[in-house]
Amino acid sequence: MFTPVIVRGDLARMVVGGQRWYSANTLQAEKEEETGWEKKTTFKSQQEEIMDRKLYKLDMDVRRTGRALSFELEKIVRMIERSGLCTTNQALLVLRCCGDVLVDIHRDNRTLLVDRYSNILKKNGVVFDVSHYNAVLRVHLENQNTLAASDFLAEMEGAGITPNRVTFQHLVGMYCMEGNIAGATTILEHMKAQDMAINEAVFISLLKGHCANNDSDSVSATLEVMSSSELSLGAATYTAMACGYGRAGNWAKVEEVLGKTADEDVRLDDGDMFSIILACSQGGLCKEAESLVSKLPKKRGFFQELRNHLPQLAMSGNVKVATEIYLALDDKEGSGREGHGLFVVGPIARSGESLEVILEAVKSLEEAGFSSAMQFLVQEAALSWSKEKCEELVEIIEKEKEGEKVELNTDLLFRFLRGSLELERDPDKIMACMNNLHTMGVAMPWAFISSDLIPAMINLDVETPGAVAKKLKDTCPFMAWNLVSNMLLQSLFNKESAEYVSAATGFLLHVNIGHIRPDKWNSSLARSYLLTNRLEDLITVLFLASRKTMLGTQDPNRTEENMFRVLEHIVSLLPRCQPDTTPDQAITPVLEELARLHIGVPKSVVNKVRKLVKSEEAGELLDKAEMNWENREEFWTESEEGRCLAERKRLFKERAKIERGTKVGTSQSEYRGYFNVPESREQMEEIQAVLARRGDVSPSLSSNLILAYAADGMVDEAMDLLTYSQEKSDFSASPTNLESIVTGLVNQGRGKEALQLVEEQMDKDGKIFISTLMSALAGMANDGEHQKVLDMIGNVDRNKFLITKRGSNAHTLLVAYSSKGDAQRLEEVFNTLVTNNLASTEHINNLNPLVEVHLARDDLAAAVAELERIAKVFKKLPKKFEVTCRLIEEENVEAMQAILDTSIELIGEERSLYDLAYCFLHMNRRAQAKKLLETPGLRYEKDKIEYICSRFRNDGNLTGLEQLVSLSKSVFGCDRDYLYHQLVSAYSKDADKVADIWLQVQEEGHAPSDSLKIAIAKALKLGGQQVPFEEPVEYAEVEKNKENTTKKPTVERIVKNVDHLIDEDVDIALKTGDFNTAVELVLSSFEKENTSLRCKKDLIEALTKQNRLEEACQVATRLANNFENPRRIKFRSLYHRINEKLEDAKKEEFLSGLGPVFRELLEQQPDVKVNTETKSPPKNRSNSDEAARAALAINDMEGLVESIKTGDITIQCKNELLANLIAETKLDEASKVALAICNDNQKGFHKGTTKLICEIMKKWEENDEVKKTREFVSQFSPKLSFAVRSDIWVKAGLIRTDPSEYIELVRAEAENHQKWMVSSDVLLEAVEKHQDLPSRLEALATENFTPANELLSKLSIAQNNTENLEKHLKLCSEKVLRTRGGVFDKIDTIEKMEMVLEVLKRNGAEKEALVQAANNCLAIHLDRDTFVDIANKAVDCGVEVGSLARSVLNKLEKNTQFKLHSEVQTALSKPSS
């Protein structure tokens, strides 16, 4: 593929699994000729980092698989086009990816790509050097495209680039490719004259040229020269010769060369043989090439070679051989091939072969189980073929199907069209494709047109929406005009910006769109209104859409109602778009305008909106709106309608002039006065360029752009803009602006410049944070300017600075000294800071460096002495934990005693003993910790114990936690139940360990609480183990302050079937808006008992919010009537909310369906608030909310985090701030805010918060930044980790994005499979994405690395591979085989179960492993027709009836077809063990 590259040592350590093409590396030969690269320190912007990650991923994909995906490469080039960012090394990778690695693209199209990409790169400022020109030459060679050497060399000369040896080698290859030996000889003579070495690559090129000319004598002579030059005649040489003869159509010579390989014992691998097969096919030897298929060695890596060569083989015209090779790949059942084969079918369709040949190939794939093959063909034909050929294709298909129309999977078609549009960036081609699909009778996915195609066509700077609609209608005449118009409106409103809302209004005002279909876009209109506050546009749209001419003839009343449902949507979308606005505040301005203009609102809509508002004003406006609607016939005469239309047009025109200026498009009139500052740095720079041309300054733009520059490390640009803004106006930089610039300068080692900037602002009496000064002084300290630091501190006027809640941040300056171990100067600075009231000794952060400085010098005695001094003087114990641990390590008992004595004097004996015990446990000194915790009279210190437990769990030191629980038995008043709870929670995913904890509880004689036993039971059942005690009843939540009854109530368990909860399925359905599925799942769960109470409540709430009241009533009624004691229903607010939204007749029907007791309870509390979260926050909290929003607005992240930690901010505001940061892709900042929100939360976490945290981790995974996820979750509390399932995000994210890091995780956590074991679905996804993963696991498995064998066993089951399962299963640990989520998590067919059970029996596995495999399979099929067949097969394979799960036995009890039905009742009668 590519010549190996040389990697610098530091980069080699950074890159796992190979070298990076673009990370400053050059080809081996090029390195000899070209100068090394200059090392330069840069600070990357976020865009540059994203670009680098994408290119790195592309690089790694090519190295792992030998191919690049065209759409990934196209995305990267588009990013370069948009941003203008691209380094020379990145450009080199882009160019190199235009050759053989683009396996799915025809070589002619690859040639066009390299030309286009070269122009884009040059246009965006990339200066090509000799390596770029050599890469272009190589790509043309790989694409078999000839270039005129003279023209290419002239282009290089014109660019001032001198060709090197590699250039001439490639030119030799270029001449030889077309058999021009004379031209190649001329180049060689020039190389000889320049004393350039001739290497093996040149000889191989000459061999190719001679073979192309069928010149056997010259071939022999060249081989002799190579032998005499001691060059190896290996596989590369013979492959080149065979390929040369194959392309020349000389089959006899191909056979001769292959015969020589056998004689010379030269072994050709799969890649070599595929290359020869392809070359023969290109030379017209298709039948002969077929005979070579049997010579494929099919060694490891065969599939990758097949994947990389089959598309080119098909496009060469040899469709038959390509199809046969693919069909012979394996012998899997047809059911496993659904959705596969696209990479073969696409090239077959583009092969240029006759329709008969193509159809025969596709039908053979379809018959072999590739059921989507025909759909792939139809899609590719629509995109690539002519209309006539498409008609011929569909005629043949329908004829064979006896007139049945072509039906395609809508989801597959949608993804195909979206992917093609993203790749091609050619709406015209996609519209032609749609025409062909229509010709073939395929139903169009309309969602694609409104969500993808139209947005790609719209460019308001170039043409109006009307022109776009006309173009779409003219190009695709099968689409009705009103349909096109309404989809265009939906697309415009979905943009959610003022510009596009205005464009939609203009379109409606000036274009006759036919009749409206508001059901398609009323929600989009409401959302865009809430996000833009364009009231005038909203009213204009409502007026226009309510005219009779717009309503159509089919059910105009329904159309009117749909149009004005926008009012309902405005209210329902408020929590998402304007969470601090009440329904009355949002709807009143709209109603006022509708009343003023006499437009009115239909009665049905009025009734619904009335239930959503509270104020009398809104009610009166609704009355008026209803009356106007009833009297509209009298008011809206033709002349009145015309007058209003003219008025709306006038208003629209005037507003457009105001917004865009009277001279639209001239920069001299743009951006005057107030305007919205965009969020992206690039857009801000464009506006700044406009302002700079006329010497203007926008303070808000300057402030935001300075922050953006500083954030991206562009400090010089930030300073230039600050200087410009101050010179041209009275601009005053905000304290946050100055702090960001100073911090950037210090980070770049420019401390003097940072201090100079601070001094300049001080001279100007500008506002500046005291922390900014400290950062600048830290930079000076790093530069060795100690005296300057002291002078500045001594002369500081504290009153000139702003001091925030976090103080002066003197810690930053002190750390600059402590990190160097400079104790003397640190003391001087500290004393000066304290003397000048710039550092408080109340803050332990300011005292920590005084001890750290000695630890940095490894002077432990001095650290102890300083700690004692600080304790006496300042009554603090800085770095006590670190110092004590170091003393334990050195076994310095005397110093430890001194620290303990000091601590006892300050914080008391008990707390000091706990701290010391914690240190001993942390250092794994169990005996010493035991002595301390057995101190006579030591009392239980609740806060200390909770702190130590949380530290152990956060640090992952579960051994320390376990020892703490074990050693604290003798502590007086110890809360053993709490400690065992902590232990069970920490090991909740390790059922074996929890079972051992249960034994410890019994050994200790502790009487466990019900809650502890429930926690143990859940953990055991989660791990597939039986519960060895009678489970306590888990009661529903009851209202507080109710009297306890003496008789224990018989309340049903919330969930009995916890093994098979389908909550996640319901949650996914709700997230995707699939309410029908969600309702169906929950209703069926009342019998199956497999959804939680939380899940049912969430569904009711979602249905109510979406006004799906009939379904909400159905689920709510079923839930209420499922409670034996309705008085225990705490969530009555859900029922009140439904009741408030129902019409009177429906209310009575709903209430009558509820039980009489619960109905009476509801009637007793008619005014219960629907949801405390919907209440307006108390007035004393609104200021805190606004302060937090202000901090975000000026990008003051530190201030924002501090306000969240210390301020009384509503959870709605916190989630809003977090959501905004995520939307702006400020994920690092979002993670800090999330941690602040969840800090020390003891009552649980808001559902919205945990969803947003998951969104952060999801986006990090999409950006290949799972490393950040790992760092993020390491700071979680155990409760938060559980709430967001942090382990799953880490391990699944790593295996999907970075298998090398995943393997490192497996190595590090080999003993704890919960940390690395992924589900079968995730594993298959990872293998499909990283197809070298199995081979890497195989390599580890050969080292007897158990986790590798366990993952490969799981993969073997998923792939139904008995041979591999036999190989690896015997090397798995029994513990993992017994675990429910281990190897057997997805045995989803009876065949897989039978295979697993037989292999387990042959390997003598424990009985528990067989039971686990059978139970897992049965759990999946619990509600399927195959359940009894699987149960019968399980017992046939030796699984005992009594060992089956309780839920399985309950099901079998009702089914007499089970062959051992008589034993089921016996098994059920036995107590669970």
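Residues numbered from 1 in each chain as written. Predicted model: local features only at pLDDT ≥ 70, side-chain atom pairs only at ≥ 80, totals over all residues. Heavy atoms only, no water.

A. Examining the overall build of the protein more closely. Along the backbone of the protein there are 85 helices and zero strands. The contacts in the protein between residues at least 6 apart in sequence include a share of 69% that link residues at least 24 apart. (Helix = DSSP H or I, 4+ residues; strand = E, 2+ residues; numbered from the N terminus. Contact = heavy atoms within 4.5 Å.)

B. Region of interest: the pattern of salt bridges. Taken as a whole and assessed by the stated rule, the structure comprises 74 salt bridges. In this structure, the salt-bridge partner of Arg527 is Glu496, at a minimum N-O distance of 2.4 Å. Residue Arg527 is located in helix 29 (residues 522–532), and its partner Glu496 is located in the loop between helix 27 (481–494) and helix 28 (498–510); the two are separated by 31 residues in the primary sequence. Across the pair Arg681 and Glu685 runs a salt bridge whose closest N-O atoms are separated by 3.4 Å. One end of the pair is Arg681 and the other is Glu685, both in helix 40 (residues 681–693) and four residues apart, which spans about a single turn. Through salt bridges that share partners, Glu74, Arg78, Glu81, Arg116 and Arg425 make up one connected network. (Salt bridge = Lys/Arg side-chain N within 4 Å of Asp/Glu carboxyl O.)

C. Structural detail: the side chain of His786. Topologically, His786 is positioned in helix 46 (residues 786–795). Using a relative accessible area of 8% as the deciding quantity, one classes His786 as buried. Beyond its immediate stretch of four places on either side in the chain, His786 contacts Tyr817, Arg825, Glu828 and Val829. (Buried < 20%, exposed > 50% of the residue type's maximum accessible area, 1.4 Å probe, protein only.)

D. Highlighting the state of the cysteines. For the structure shown, the criterion picks out zero disulfides. Free of any disulfide, Cys286 has its nearest neighbouring cysteine sulfur in Cys280, separated by 9.4 Å. (Disulfide = S-S within 2.5 Å.)

E. Geometry of the packing of aromatic side chains. For the structure on display, the rule yields 19 aromatic pairs. Ring centres of Phe414 and Phe448 lie 6.3 Å apart, and the angle between their planes is 90°; this geometry places the pair in the edge-to-face category. With Phe414 in helix 23 (residues 410–424) and Phe448 in helix 25 (residues 446–457), this residue pair connects regions lying 34 residues apart in the sequence. With relative accessibility at 16%, the residue Phe414 sits in the buried group. On the basis of an interplanar angle of 70° and a centroid distance of 5.3 Å, the ring pair of Tyr918 and Phe952 is categorised as edge-to-face. One end of the pair, Tyr918, is in helix 53 (residues 909–922); the other, Phe952, is in helix 55 (residues 942–955), with 34 residues separating them in the sequence. (Phe/Tyr/Trp six-rings, centres within 6.5 Å; stacked < 30°, edge-to-face > 60°.)

F. Seen up close, helix 15 (residues 270–282). Here helix 15 spans 18 Å end to end across 13 residues, near enough to the 18 Å set by a 1.5 Å rise per residue. Most of helix 15 sits inside the fold, with eleven of its 13 residues counted as buried. Along helix 15, the residues that are buried comprise Asp270, Gly271, Asp272, Met273, Phe274, Ile276, Ile277, Leu278, Ala279, Cys280 and Ser281. Summarising the contacts, the buried residues of helix 15 are in contact with helix 13 (235–247), helix 14 (251–263), helix 16 (286–290), helix 17 (302–315) and helix 18 (319–327). Where helix 15 begins, the capping side chain belongs to Asp269, and its oxygen is found 3.1 Å from the backbone nitrogen of Gly271. Downstream of helix 15 by a residue or two, Gly284 has a phi angle that is positive, lying close to 85°. (Expected span 1.5 Å × (residues − 1). Polar contact = N/O pair within 3.5 Å; in protein donor to acceptor, adjacent residues only side chain to side chain.)

G. Structural detail: the nonpolar core. Of all hydrophobic cores here, the largest spans 151 residues; its most connected members are Ile276, Leu310, Leu377, Leu437, Ile449, Leu472 and Leu567. Counting residues per element, this core draws most heavily on helix 21 (residues 373–384), which supplies eight residues. Sequence-distant contacts of Ile449, defined by excluding residues within four places in its chain, comprise Met434, Met444, Ile454, Pro455, Leu472, Met479 and Met487. Leu738, Ala778, Val789 and Met792 belong to the second-largest nonpolar core, a separate cluster that totals 113 residues. (Core = buried A, V, L, I, M, F, W, Y, C linked by side-chain atoms within 4.5 Å.)

H. A look at the environment of Gly1024. Looking at the element boundaries, Gly1024 is found in the loop between helix 59 (1010–1022) and helix 60 (1063–1071). Not counting residues up to four positions away in its chain, the partners in contact with Gly1024 are Arg1380 and Gln1412.

I. Molecular detail of the packing of helix 79 (residues 1362–1369) against helix 81 (residues 1390–1402). Contact geometry for helix 79 and helix 81: axes closest at 10 Å, N-to-C directions at 40°. If you check the angle between helix 79 and helix 81, you find them oblique. Of the two elements, helix 79 crosses helix 81, and the hand of that crossing is right-handed. In this structure, helix 79 contributes Thr1362, Leu1365, Glu1366 and Leu1369 to the contact, and helix 81 contributes Met1395, Val1396, Val1399, Leu1400 and Arg1402. Grouping the constituent residues of the contact of helix 79 with helix 81 by class yields six nonpolar, one polar and two charged. (Axes fitted to C-alpha atoms, helices over the stretch in contact; angles between N-to-C directions. Parallel < 35°, antiparallel > 145°, perpendicular 65-115°, else oblique. Left-handed = near helix turned anticlockwise from the far one by under 90°. Nonpolar A, V, L, I, M, F, W, Y, C, P; charged D, E, K, R; others polar.)

J. Structural detail: the environment of Lys57. In this structure, Lys57 sits in helix 3 (residues 46–65). The class for Lys57 is buried, based on a relative accessible area of 18%. Sequence separation of Lys57 and Glu72 is 15 residues, and the distance between their C-alpha atoms is 9.6 Å.

K. Examining unusual backbone geometry more closely. If you check the backbone angles, Asn533 has positive phi at about 60° while not being a glycine. For Asn533, the location among the structural elements is in the loop between helix 29 and helix 30 (535–545). Of note, the phi angle at Lys879 is positive, near 60°, even though the residue is not glycine. Counting through the fold element by element, Lys879 comes out in the loop between helix 50 (860–874) and helix 51 (880–890).

L. View of helix 47 (residues 810–818). All of the buried residues in helix 47 are Ala810, Leu813, Leu814, Ala816, Tyr817 and Ser818. In this structure, the buried residues of helix 47 make contact with helix 45 (770–782), helix 46, helix 48 (823–835) and helix 49 (844–856).

M. Examining the confidence of the model for the protein more closely. Scored by pLDDT, the protein comes out at a mean of 82, with 90% of its residues at no less than 70. Across residues 1–43 the pLDDT falls below 50, and counting only partners more than four positions away or on other chains, this stretch makes 88 contacts in the model. With pLDDT under 50 throughout, residues 1166–1181 is counted as low confidence; its partners more than four residues away or in other chains account for 18 contacts. (pLDDT = per-residue confidence, 0-100.)

N. A look at the environment of Ser970. Position of Ser970 relative to the elements: it lies in the loop between helix 56 (958–967) and helix 57 (976–986). Apart from residues no more than four positions distant in its own chain, Ser970 is found in contact with Leu933 and Glu934.

O. Expanded view of the packing of helix 7 (residues 130–142) against helix 9 (residues 165–177). Packing of helix 7 against helix 9 leaves a shortest axis separation of 9 Å and a crossing angle of 20°. By the angle between their axes, helix 7 is roughly parallel relative to helix 9. Of the two possible hands of crossing, helix 7 and helix 9 adopt the one that is left-handed. Mapping the contact onto sequence places Val130, Asn134, Leu137, Arg138, His140 and Leu141 in helix 7 and Val166, Thr167, His170, Leu171, Gly173, Met174 and Met177 in helix 9. Class assignment for the residues of the contact of helix 7 with helix 9 results in seven nonpolar, five polar and one charged.

P. Inspection of a negative patch on the surface at higher detail. A grouping of Glu356, Glu388, Glu391, Glu392 and Glu395 is seen on the molecular surface, where their side chains present a negatively charged patch. Looking at which element gives the most residues to the negative patch, the answer is helix 22 (residues 387–400), with four residues. Relative to the helices and strands, Glu395 resides in helix 22. Owing to a relative accessible area of 58%, Glu395 belongs among the exposed residues under this scheme. (Patch = residues over 30% accessible without salt bridge, like charges linked within 9 Å, V, L, I, M, F, W, Y side chains within 5 Å. Areas by Shrake-Rupley, 256 points an atom, 1.4 Å probe, with all protein chains shown as cover. Lys, Arg positive; Asp, Glu negative; His and termini not counted. Charge placed at Lys NZ, Arg CZ, Asp CG, Glu CD.)

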